[in-house]
Each structure stands twice: as C-alpha cells, then as structure tokens.
Amino acid sequence: MPSIRNFSIIAHIDHGKSTLADRLIQHAGLVDERQFHDQMLDTMDIERERGITIKSNTITLPYTGRNGETYALNLIDTPGHVDFSYEVSRALASCEGVLLLVDASQGVEAQTIANLYAAMEHDLVVIPVINKIDLPSADVDRVKEEIENELALDSEQVILCSAKEGIGIEDVLEAIVERIPPPKGSPSEPLAALVFDAHYDPFRGAVVACRVVDGVVRPGDLIRFLSNGAVHKVEEVGIFGLKRESRKSLSAGEVGYIIAGIKTVSDVNIGDTITLDRMPVEKPLPGFREVKPVVFSSIYPVSSDDYPSLADALEKYKLNDAALVYQKDSSAALGQGFRCGFLGLLHLEIVQERLEREYDQSIIMTVPSVQYRFKLDTAETVIVENPQYYPDPTRIVSAEEPFIRASILCPDRYMGAVMKLCSERRGENPRFSVPTPGRVEIVFDMPLAEVIFDFYDRLKTVTQGYGSFDYEIIEYRESNLAKLDILVNGEKVDALSLIVHRDRAREWAVQVCERLKEEIPRHQFKIAIQGAIGGKIIARSTISAFRKDVTAKCYGGDITRKRKLLEKQKKGKKRMKMVGAVSIPQSAFVAVLKAE
Ligand code: GDP
Ligand code: MG
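Residues numbered from 1 in each chain as written. Chains lettered and ligands numbered in written order. Predicted model: local features only at pLDDT ≥ 70, side-chain atom pairs only at ≥ 80, totals over all residues. Heavy atoms only, no water.

Participant: Pulling in residues and values, what's your account of the overall build of the protein chain?
Facilitator: For the protein chain, the count of helices and strands is 14 helices and 33 strands. The proportion of buried residues among the 596 residues of the protein chain is 54%. A separation threshold of at least 6 residues defines the contact pool for the protein chain, and within that pool the share at least 24 residues apart is 69%. With an accessible surface of roughly 26,300 Å², the protein chain has 49% of that area assigned to carbon and sulfur atoms. (Helix = DSSP H or I, 4+ residues; strand = E, 2+ residues; numbered from the N terminus. Buried < 20%, exposed > 50% of the residue type's maximum accessible area, 1.4 Å probe, protein only. Contact = heavy atoms within 4.5 Å. Areas by Shrake-Rupley, 256 points an atom, 1.4 Å probe, with all protein chains shown as cover.)

Below is the structure:
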C-alpha cells in the first residue's frame, strides 16, 4: 500500500490555487499535455467565470518521491466563500496539512490570513508556498518577510514555485510527503468516515465523498448515517482519479467515495459520520452541523406557461445541490412560483445563474428575506420568511430577528471605515483584537438581515478589497419590525414587499424607490413609485413620461449597469413583467437590493 497524504490548497483569490492544482494533476501523469486544459478542478462555468470554487472536488494523485517510495496524495479542494464556510471546515477536517499559497507580487492578503486561521483551527501542518515567482514584479524577499511577520510562519520553510511555468512543482510535492504526516487511525477500529461532499449521479444515486478516519468499508456492507440513522447497502467504493475508480475497500486514512443506492442527496449531510450498522461507533466525528437555509426568496417563471418546466428544473437542480430547499408559492403580481431557502446571498445568485444557464429557465427572483419570529396576542408564535405572510400588525405582541456574530479581519488603517459600516448596519457590541501586528479583528453582533443585502460588497469597497468577513448565527433578538410595501402606479407589487426594521424603513423605502426609478423604463405616462407602511406613504419617486429624444438615456444608471443591460438585450431576452399597465424588467426585482 502506498503511503497516504491528505492535503488541501488554500490561498487568497487569484493567487494561483487552481493553476497549481492543475499542475499537480499533470505532474502525476493523470493527463497528458494534449488532454490538459486549464483548471481541470473547477468544472462549472460559473466557477470559472467568477474564479471561485463552489463545489469542492477531490482527486487522488500517485507520486513517487525522491526517496523512491510511492505515495497516494489526496488533494481535497475547498470552496472559497463564506456562504460555504461550513463545507470548507469539513474539507479541512479531512486533511493533515495544507499548502498556503501566496502570490509573489501581491503578498499576504486578507483571505490568506483567514484561511491560515481555518487551517490552524484544525491543527494542520502549514506549508507556505510563494507562487508566481516568474512575474517581473515578483518580490520574494518582501513576501517572505510578510510570511514571517504577518503569518508568524518560518520563512526558511517557504517553497518557491511558478504554477504557470511549472517551476518548483517537485519541491512542492516533496514538501507534502516530507512535512505532512500520514493519517492516523486504525483499520481494525469500528468504521468512522467523515462525509465532506456529495453529488448526484443520475444512474447510481448519491456519490458520497468521505475521509475514512477509522475502520474499513467494502461493497456489501450495511452503512449507517449517524445524523439520521438511515441505513444503506454499499454498492461500490473507490477513489477519485480524473474519473471514479472503484476499489475493493476504503480503509482508515483513505479519501474516496461510497455509492450505496441513495436516491436523494438531501439524505446525505455534509459533516455527517458514516459507520457500520452491525458495529457502529458510539460518538460521531466532531463538528457536525445541520445546514439550514438562512436566506429566502421566491422564484417565478417570467412567463406563467413555463411553470411546469420550472418545477421540473428545480427538481433536477436540487439533486445536485442538497443545500437548496423549496416549496410552492404564489403571488398576485407574478403568479405561481416557488419559495426557496439558500445558505446565503452567493448561494442564491449561483442557483439563479445555474437555473438560467444549465436549465434554460427565464426566472424572476424576489427580494431576499431572513426568517422572522412573531409572538401574537393569541400566544401563538409564527415564523415568517415571506413578507406576503406578515401577520396582522394589530395582533403582534413582539417580533424577533436572527442575529449573527460577524467577524471582520482587516489592516488596522481601515478600522474606522469598518466601524462606521457596521454601525450603519445596526451592529452592536464591537470587540477588537490584534491577531498580528498591523491587522485587527473586529467582532460585532449584527442582524442577519443587514448582511444579506450587499454587506460583503460594501465591506470590500471600504477596505479596498482587504477586509475578509465571516459570520455565524447566534440567536434571535427582539426587534421593531414593519412591512414595507412598494406601489407602482398605485398598485401594490407583492413581490417587492419587504420586512424591515422600523428605524431603517424610510432609508430602505427611498433606496428602493430610487432603484426602481432607474430600472423601470419610461412609459407613455407618468409612473409614481411609492414606499408605504400600513397605508402611510413614506417615500416616493416619479418616472416621467416618455419623450422621443431620451431613448438613449432610457435606463440611466452607471456604466456597469448599462453594460449589463446591453448584454441581456443582446441575448435577445429582455424580460418584462406586466404589473397593471406598467412593464417592469426582470432585473428590477433583484436590483433593488444591489449596492452601487
Ligand atoms: P485561484 O483564484 O487561486 O484559483 O487562481 P488561478 O489559478 O485561477 O490563477 C489566477 C491567475 O493567475 C490566472 O490568470 C493564472 O493564469 C495566473 N497564475 C497562476 N499561477 C501563476 C504563476 O505561477 N505565474 C503567473 N505569471 N501567473 C500565474
Ligand atoms: Mg480557482
């Protein structure tokens, strides 16, 4: 048996993680030069375009060391965004070490540090690697100093490489086998395997990616998922090469897949422990958390005829993304649709894009909402994540909304700007610490509702890209809420309604009215856009009537919005929804919450 090393690559975005992964795959001889295409591991189009890894992928690389020994190196890829931080944590829990990549000209950045912390939390061996040494602007000495001072890692341990030019790749591989310890764990113990990913194969059902910590699993075994007690019979086990390669067994320390005729991916929970039904472990592996949607929004087909097709698409999509939850919904303005729950705003955007691109759906999504709790005078508590079901205000005794603990890491010169942003967003109880000289960690309690709207973008802007952000939901707290209605030309557009904090209601109403003014094209008549709480108008804007010579300025707004609109029109899909006599473009429903 080859000796095993389980590792992951972590880096700030664009520092070369995907490129290095590709190089390692190529070096292992899994693909020849001809087959080699860039970024083998990032498989989905959206991932490529946005340069983020959404679904983690894993691959086993054979390697013969300079000492002549053979190794199986398991490269476990991690998604790179806070919406998926739980998946990152489960992937790292499957490793013994990480390569921490730093760009030779950019140096240490916010996400480098955040990633390092995540690795340290799991007690992983960290191998610092400076990438892109081929660049004329590379400054290896300066970056080494940063690694020493800001990351407190030994700069003598740094490996230099150029993933693009293929320089130093063997040094990286040697460091992996020399410095990262082989996995512990024993094949003779009862089976304990950590589920860190899953995807759906239309013929075989769920393919569960796992790290076997103890024991052995073979085809024919009855396995049990500890979180829900579900028992399945193993049909196949194996490792991830470029394709799945079946094996006779997976034992302690190995990383691979299990297929057990599981037809619904939602039965499989990331972070769950798999054990044997006849000889189970007593305790699950640490860190399991049920993933619950925190952001909700409704999806409607642009044309109501497409409802059955959307229903079909969602069902198929769901098999590939167990984190999405949905149920039927309907709206006076938009007809029949679905209420969906997402892990966060990025998850929402990914679902939207994939439904449009991969499943060819033309959809409208409504303003996202968190889940609120209302105590009524009947002593009943109702949970509402859809403004349509806002309770009768006269019956509400008290209201609560979810709070998060937000942790922001940035160079100390941005502290003032971050503090200002957080207090604008109703942040409370700030705490500070200085994890490394020159950098601060600022922790706030904040309403989740305030971060689902463009918080991350704003943070990036005020910190010039250096701020990193992570959060966890802590508890529900009492809050003074109201339902904001939006009226277009006197008609209430239920899909634009919003639950807001009363102190922020006017600000929101003004913003939404202004955004809609930019998004809705001029008509033959004047259109009033109004924001109202319980019938009281608190904001308004007006779109003046159409005149011949203003066509070019029809949309107003900034350059990027114009470009986006042009792109959309180019696709020949200018999607409009009629509300009364007014046609509202599809983009308006999402644009109301986008930052400038
Ligand atoms: P990721 O976001 O960390 O996955 O980064 P990518 O692997 O997508 O790389 C980001 C950009 O840097 C791409 O344009 C790569 O071609 C480029 N890049 C990656 N490694 C190197 C390198 O060693 N040298 C140079 N010059 N460019 C590199
Ligand atoms: Mg990448």
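Participant: Can you break down the UniProt feature "binding site: GTP" (unreviewed entry) in the protein chain residue by residue, with the values?
Facilitator: Mapped onto this structure's residue numbering, the UniProt feature "binding site: GTP" (unreviewed entry) falls at Asp 14, His 15, Gly 16, Lys 17, Ser 18, Thr 19, Asn 131, Lys 132, Ile 133 and Asp 134. Mapped onto the elements of the fold, Asp 14 is located in the loop between strand E1 (3-11) and helix H1 (17-27). For Asp 14, a relative accessible area of 63% corresponds to the exposed category. Residues in contact with Asp 14, not counting those within four places in the same chain, are Asp 103 and Lys 132. In this structure, Asp 134 sits in the loop between strand E5 (125-131) and helix H5 (140-150). A residue is classified by how much of its surface remains accessible, and Asp 134, at 32% relative accessible area, is partly exposed. Among residues more than four places away in sequence, those in contact with Asp 134 are Ser 162 and Glu 165. (UniProt positions renumbered as here; feature names shortened; annotations may be inferred.)

Participant: Provide a residue-level description of the sheet that holds strand E18 (residues 325-331), including the pertinent values.
Facilitator: Taken in spatial order, the four strands line up as E18-E19-E17-E20 in an open sheet, and their pairing is antiparallel. Only two strands of the sheet have a single partner each, and these edge strands are E18 and strand E20 (363-365). Within the sheet, the average angular offset between the axes of one strand and its neighbour, ignoring direction, is 30°. Two strands pair when backbone bridges link them, and strand E17 (residues 295-301) and E20 are joined in this way by three bridges, in the antiparallel orientation. By the bridge assignment, Pro 301 is partnered in E20 with Ile 363. Running over the sheet, helix H8 (residues 345-357) touches E17, strand E19 (335-342) and E20 and is turned about 170° from E20. (Pairing = 2+ DSSP bridges. Axes fitted to C-alpha atoms, helices over the stretch in contact; angles between N-to-C directions.)

Participant: An account of the site of ligand 1 is requested, with residue identities and associated values reported.
Facilitator: Every one of the 15 residues lining ligand 1 counts as a neighbour, but Asp 14, Lys 17, Ser 18, Thr 19 and Asp 134 are closest to it. With respect to ligand 1, the side chain of Lys 132 contributes an N or O atom lying 2.9 Å from an oxygen atom. With respect to ligand 1, the backbone of Ala 163 contributes an N or O atom lying 2.9 Å from an oxygen atom. When ligand 1 is considered free in solution it has 580 Å² of accessible area, and contact with the protein chains removes 78% of it. Residues that form the shell around ligand 1 fall into these classes: three nonpolar, seven polar and five charged. (Near = heavy atom within 4 Å. Polar contact = N/O pair within 3.5 Å; in protein donor to acceptor, adjacent residues only side chain to side chain. Nonpolar A, V, L, I, M, F, W, Y, C, P; charged D, E, K, R; others polar.)

Participant: Just give me the short version of a negative patch on the surface, but keep the residues and values in it.
Facilitator: On the surface, a cluster of negative charge is made up of Asp 141, Glu 145, Glu 148, Asp 154 and Glu 156. Looking at the element boundaries, Glu 145 is found in helix H5. You can call Glu 145 exposed: its relative accessible area is 52%. (Patch = residues over 30% accessible without salt bridge, like charges linked within 9 Å, V, L, I, M, F, W, Y side chains within 5 Å. Salt bridge = Lys/Arg side-chain N within 4 Å of Asp/Glu carboxyl O. Lys, Arg positive; Asp, Glu negative; His and termini not counted. Charge placed at Lys NZ, Arg CZ, Asp CG, Glu CD.)

Participant: Let's hear about the sheet that holds strand E6 (residues 159-160): which residues, and what values?
Facilitator: As a general point, the strands of a sheet are linked pairwise by backbone hydrogen bonds and lie either parallel or antiparallel. Taken in spatial order, the six strands of this open sheet run E2-E3-E1-E4-E5-E6, and their pairing is mixed. For this open sheet the edge positions go to strand E2 (58-64) and E6, each flanked by a neighbour on one side alone. Here five bridges tie E1 to strand E4 (residues 97-103), and the two strands are oriented parallel to one another. What sits directly across from Ser 8, in E4, is Val 98. Along the sheet face, H1 touches E1, E2, strand E3 (70-76) and E4 and points at about 155° away from the line of E1. On top of the sheet, helix H4 (residues 110-121) reaches E1, E4 and E5; it is set at about 170° to E4, its chief contact.

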